[in-house]
Amino acid sequence: LDPSVQSETLYFGAVVKSLLAIGYQREVNLFGAPFDWRLSPNFNENYFVMLQDLIETAYAVNNMPVVIFCHSMGNLYYLYFMQLMTQAWKDKYIQGLASVAPPWLGAIESVSSIVCFILV
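Residues numbered from 1 in each chain as written. Predicted model: local features only at pLDDT ≥ 70, side-chain atom pairs only at ≥ 80, totals over all residues. Heavy atoms only, no water.

**Description of the overall build of the protein chain**
- Secondary structure assignment for the protein chain yields 5 helices and 2 strands.
- For the protein chain, the N- to C-terminal ordering of α and β elements is α-α-β-α-α-β-α.
- Counting only residues that meet the buried cut, the protein chain has 22% of its 120 residues in that class.
- For the protein chain, long-range pairs separated by at least 24 residues make up 68% of all intrachain contacts whose partners lie at least 6 apart in sequence.
- Working note: accessible area of the protein chain is about 8500 Å², and carbon and sulfur atoms make up 62% of it. (Helix = DSSP H or I, 4+ residues; strand = E, 2+ residues; numbered from the N terminus. Buried < 20%, exposed > 50% of the residue type's maximum accessible area, 1.4 Å probe, protein only. Contact = heavy atoms within 4.5 Å. Areas by Shrake-Rupley, 256 points an atom, 1.4 Å probe, with all protein chains shown as cover.)

The structure is reproduced here in structure tokens:
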């Protein structure tokens, strides 16, 4: 959430480049909110304050609710964040969620392969 950092992560470099190529603009309608997935959300309160501010800024710049794009553990962080927000806030600022590779069910194939001795 540091606006001075403009580099893409390995995961999102291609996505960001593709979005820029079709007309998205950094800090106008394309924002990033990287986080340290090793930290439990309840120990990262400052991140959620900054995330709320970022979403409200994106809303103000574009005068419309935002679509959140989450990958992997970011989905769980986002779920935690949304549980902190009021319904009125969500209705005003959030249009939708694009969820990519979320661990909603955990790592069930790993568990089943251990329990059943099946290689996945």
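**Examining the packing of helix H2 (residues 45-62) against helix H3 (residues 74-84)**
- H3 packs onto H2 with a crossing angle of 80° between their chain directions and a minimal axis gap of 11 Å. Comparing the axis directions of H2 and H3 gives the class roughly perpendicular. Together, Tyr47, Phe48, Leu51, Gln52 and Ile55 of H2 and Tyr77, Tyr80, Phe81 and Leu84 of H3 make up the contact between the two elements.
- Taken together, the residues of the contact of H2 with H3 break down into 8 nonpolar, 1 polar and no charged. (Axes fitted to C-alpha atoms, helices over the stretch in contact; angles between N-to-C directions. Parallel < 35°, antiparallel > 145°, perpendicular 65-115°, else oblique. Nonpolar A, V, L, I, M, F, W, Y, C, P; charged D, E, K, R; others polar.)

**A few points about the nonpolar core**
- Counting 17 residues, the largest nonpolar core has Ile55, Ile68, Tyr78, Phe81, Trp89 and Ile94 as its most contacted members.
- Listing elements by their share of this core, those giving two or more residues are H2, strand S1 (66-71), H3 and helix H4 (87-93).
- Top element by residues in this core is H2. It accounts for 6 residues.
- Ignoring any residue separated from it by four or fewer positions in sequence, one finds Trp89 in contact with Gln52, Ile55, Glu56, Phe81, Met82 and Ile94. (Core = buried A, V, L, I, M, F, W, Y, C linked by side-chain atoms within 4.5 Å.)

**Examining the pairing of S1**
- Of the two faces of S1, only the one carrying Val66, Ile68 and Cys70 is buried; Val67, Phe69 and His71 on the other face are not.
- Here 6 bridges tie S1 to strand S2 (residues 94-100), and the two strands are oriented parallel to one another. Paired with Val66 across the bridge in S2 is Ile94. (Pairing = 2+ DSSP bridges.)

**Some remarks on the packing of aromatic side chains**
- Using the criterion set out here, one finds 11 aromatic pairs in the structure.
- Seen in terms of ring centroids, Phe48 and Phe81 are 6.1 Å apart; in terms of plane orientation they differ by 10°. Their pairing is stacked. In this pair, Phe48 is assigned in helix H2 and Phe81 in helix H3, connecting sequence segments 33 residues apart. Per residue, the accessibility class of Phe48 equals that of Phe81, and both read buried.
- Chaining the aromatic ring pairs together yields one cluster made of Phe35, Tyr47, Phe48, Tyr59, Tyr77, Tyr78, Tyr80, Phe81, Trp89 and Tyr93. (Phe/Tyr/Trp six-rings, centres within 6.5 Å; stacked < 30°, edge-to-face > 60°.)

**Observations regarding H3**
- Along H3, the residues that are buried comprise Gly74, Asn75, Tyr77, Tyr78, Phe81 and Met82. Along the long axis of H3, the arc covered by the buried residues comes to 155°, so they all point the same way. In H3, those exposed residues whose orientation departs by more than 90 degrees from the buried face are Gln83 and Leu84.
- Buried-residue contacts for H3 involve H2, S1, H4 and S2. (Arc of directions from axis to C-beta.)

**Re the pattern of salt bridges**
- Taken as a whole and assessed by the stated rule, the structure comprises 1 salt bridge.
- Between Arg38 and Asp36 there is a salt bridge, with the nearest N and O atoms lying 2.8 Å from each other.
- Residue class for Arg38 comes out exposed when judged on its relative accessible area of 64%. (Salt bridge = Lys/Arg side-chain N within 4 Å of Asp/Glu carboxyl O.)

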